[in-house]
Amino acid sequence: MQLAVLRRLLSVGRAVLAALRGSLGALCWSLAPLSLSLPLPLPGWRDSASASRPEREREWEDAAPTPTSVNYHFTRQCNYKCGFCFHTAKTSFVLPLEEAKRGLAMLKEAGMEKINFSGGEPFLQDRGEFVGKLVQFCKQELELPSVSIVSNGSLIRKQWFEKYGEYLDILAISCDSFDEDVNVLIGRRQGKKNHVENLHKLRQWCQEHVVAFKINSVINRFNVEEDMNEQIKALNPVRWKVFQCLLIEGENSGEDALREAEKFVISDEDFDRFLDRHKDVSCLVPESNQKMRDSYLILDEYMRFLNCRNGRKEPSKSILDVGVEAAIKCSGFDEKMFLKRGGKYVWSKADMKLDW
């Protein structure tokens, strides 16, 4: 009987100690902003008791950023020939499906919450089956909050939605103009298919399969004077991402580039005028060159992060070879600008109020 009482007292004592330990930890965190010298090490600081403030700040700055949102350009091949394209078909390489899945699992382990599949044109590979299987894997197996695709829309079939639509949160379709003659000038067209008519069809399929519909537009010399207010409001996307035409050395500019985008470039003032003309569109999300260049985590077909800080895409080593943390430190990613430009938003369709 006495032994049972002693065991119960010991159990209660342990619980009290655990509670005191938790309270002490909370107190330490609450005092941290006051720059007090604490005896307990805080997460992220190797030696908070002895390190000076500059040393602590350097340790925070040297830490690898979290790959919260990743843009995986798994293919460079495309059926369109957009003159300003800044991720051109310099290779035809595509990772085997299982290797791509392995890399995506590594990114999830490192903190990825959103994956965006892009290209090239994602639906070219295996008639959309490749990207479909990746979408299903990321939503079903990795349980990512958000899975999205950027496509020109020309190769998407209704059957794809029926098979994979439930796993996709956002479908972004690139549309730079609602004038087919302008789309021809840009290179966003194949054969006689009407890009704008196809856009409306895809919008309907997204509605039927509960996929958030988004539009991406690159503002350039051929569409900068266009008024898109009426068409965008009629399509009612959850977001209308408007980019300023960007030059990337070796991709759409320079001697070794596959595109010559200089003729598409507009000034900051031209871009601002376009934005002002569409300021009443509630879903408008503008991105100037300054915001765009360093605030995206871009993963290429070899799963290498691409650093654009010097005006060209300088690849890290593949995450498959060196891991996410080592590779992402070479990405040039500006996490503060990512947050400042609104890179993190309500991106899971489960949390969206889709207004159809």
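Looking at an unreviewed UniProt entry, one finds the protein named S-adenosylmethionine-dependent nucleotide dehydratase RSAD2, with Struthidea cinerea as its source organism. Quoted verbatim from the Sequence similarities (unreviewed entry) field of UniProt, the annotation for the protein is "Belongs to the radical SAM superfamily. RSAD2 family." Within the UniProt record for the protein, the comment given under Cofactor (unreviewed entry) is "[4Fe-4S] cluster".

Caption draft 1: Region of interest: the confidence of the model for the protein. Confidence along the protein averages 85 in pLDDT terms, with 82% of residues attaining 70 or more. Confidence over residues 3-51 falls short of pLDDT 50; this stretch has 23 contacts with residues more than four positions distant or in other chains. Here residues 56-60 is a poorly scored stretch, pLDDT under 50, and it has 9 contacts once near neighbours within four places are set aside; other chains count.

Caption draft 2: Main features of the pairing of strand β7 (residues 284-287). In this sheet, β7 lies alongside strand β6 (residues 239-244) in parallel orientation, the contact comprising 4 bridges. Across the sheet, the residue bridging to Phe243 is Glu287, located in β7. Since β6 and β7 lie parallel, the crossover through helix α9 (residues 268-277) that links them has a hand, and here it is right-handed.

Caption draft 3: Layout of α9. Looking at α9, one finds that the buried residues are Phe271, Phe274 and Leu275. Down the axis of α9, the sector holding all buried residues measures 100 degrees, keeping them to one side. Contact partners of the buried residues in α9: β5 (212-219), β6 and β7.

Caption draft 4: Examining the packing of aromatic side chains more closely. All told, the structure shown has 14 aromatic pairs when counted by the stated rule. Both rings, one in Phe161 and one in Trp205, keep their centres 6.0 Å apart while their planes meet at 65 degrees; by these two values the pair is edge-to-face. Here the residue Phe161 occupies a position in helix α5 (residues 158-164), and Trp205 occupies one in helix α7 (residues 195-208), the gap between them amounting to 44 residues. The exposure classification of Phe161 matches that of Trp205, with both residues buried. Members of the aromatic cluster, each reached through a chain of ring pairs, are Phe123, Trp160, Phe161, Tyr164 and Trp205.

Caption draft 5: Seen up close, unusual backbone geometry. Each neighbour pair has its own omega, and for Gly119 with Gly120 the value is 15 degrees, a cis peptide bond. Mapping Gly120 onto the fold places it in the loop between β2 (114-118) and α4 (129-141). A positive phi is found at Glu143, a non-glycine position, where the angle reads about 55 degrees. Residue placement: Glu143 occurs in the loop between α4 and β3 (146-151). Glu143 gets classed as exposed once you look at its relative accessible area, which sits at 60%.

Caption draft 6: Just the pairing of β3, in detail. Most of β3 sits out of view: 6 of its 6 residues are buried. Residues Ser146, Ser148 and Val150 of β3 are buried on one face, and the alternating residues Val147, Ile149 and Ser151, pointing to the opposite face, are buried as well. Inspection of the sheet shows β2 paired to β3 by 4 bridges, in the parallel sense. Across the sheet, residue Lys114 finds its bridge partner in β3, namely Ser146. As paired strands, β3 and strand β4 (residues 170-174) are joined by 4 bridges and run parallel to one another. For Ser151, the partnering residue across the bridge sits in β4 and is Ile173. Handedness of the crossover is the feature at issue here: the chain leaves β3, passes through α5, returns alongside β4, and the resulting connection is right-handed.

Caption draft 7: Structural context of a negative patch on the surface. Together, Glu249, Glu255, Glu260 and Glu262 give the surface a local cluster of negative charge. Tracing the backbone through its elements, the reader meets Glu262 in the loop between β6 and α9.

Cut-offs used in this document
- Residues numbered from 1 in each chain as written.
- Predicted model: local features only at pLDDT ≥ 70, side-chain atom pairs only at ≥ 80, totals over all residues.
- Heavy atoms only, no water.
- UniProt positions renumbered as here; feature names shortened; annotations may be inferred.
- pLDDT = per-residue confidence, 0-100.
- Contact = heavy atoms within 4.5 Å.
- Pairing = 2+ DSSP bridges.
- Helix = DSSP H or I, 4+ residues; strand = E, 2+ residues; numbered from the N terminus.
- Right-handed = clockwise from strand over helix to strand, strands pointing away.
- Buried < 20%, exposed > 50% of the residue type's maximum accessible area, 1.4 Å probe, protein only.
- Arc of directions from axis to C-beta.
- Phe/Tyr/Trp six-rings, centres within 6.5 Å; stacked < 30°, edge-to-face > 60°.
- Patch = residues over 30% accessible without salt bridge, like charges linked within 9 Å, V, L, I, M, F, W, Y side chains within 5 Å.
- Areas by Shrake-Rupley, 256 points an atom, 1.4 Å probe, with all protein chains shown as cover.
- Salt bridge = Lys/Arg side-chain N within 4 Å of Asp/Glu carboxyl O.
- Lys, Arg positive; Asp, Glu negative; His and termini not counted.
- Charge placed at Lys NZ, Arg CZ, Asp CG, Glu CD.

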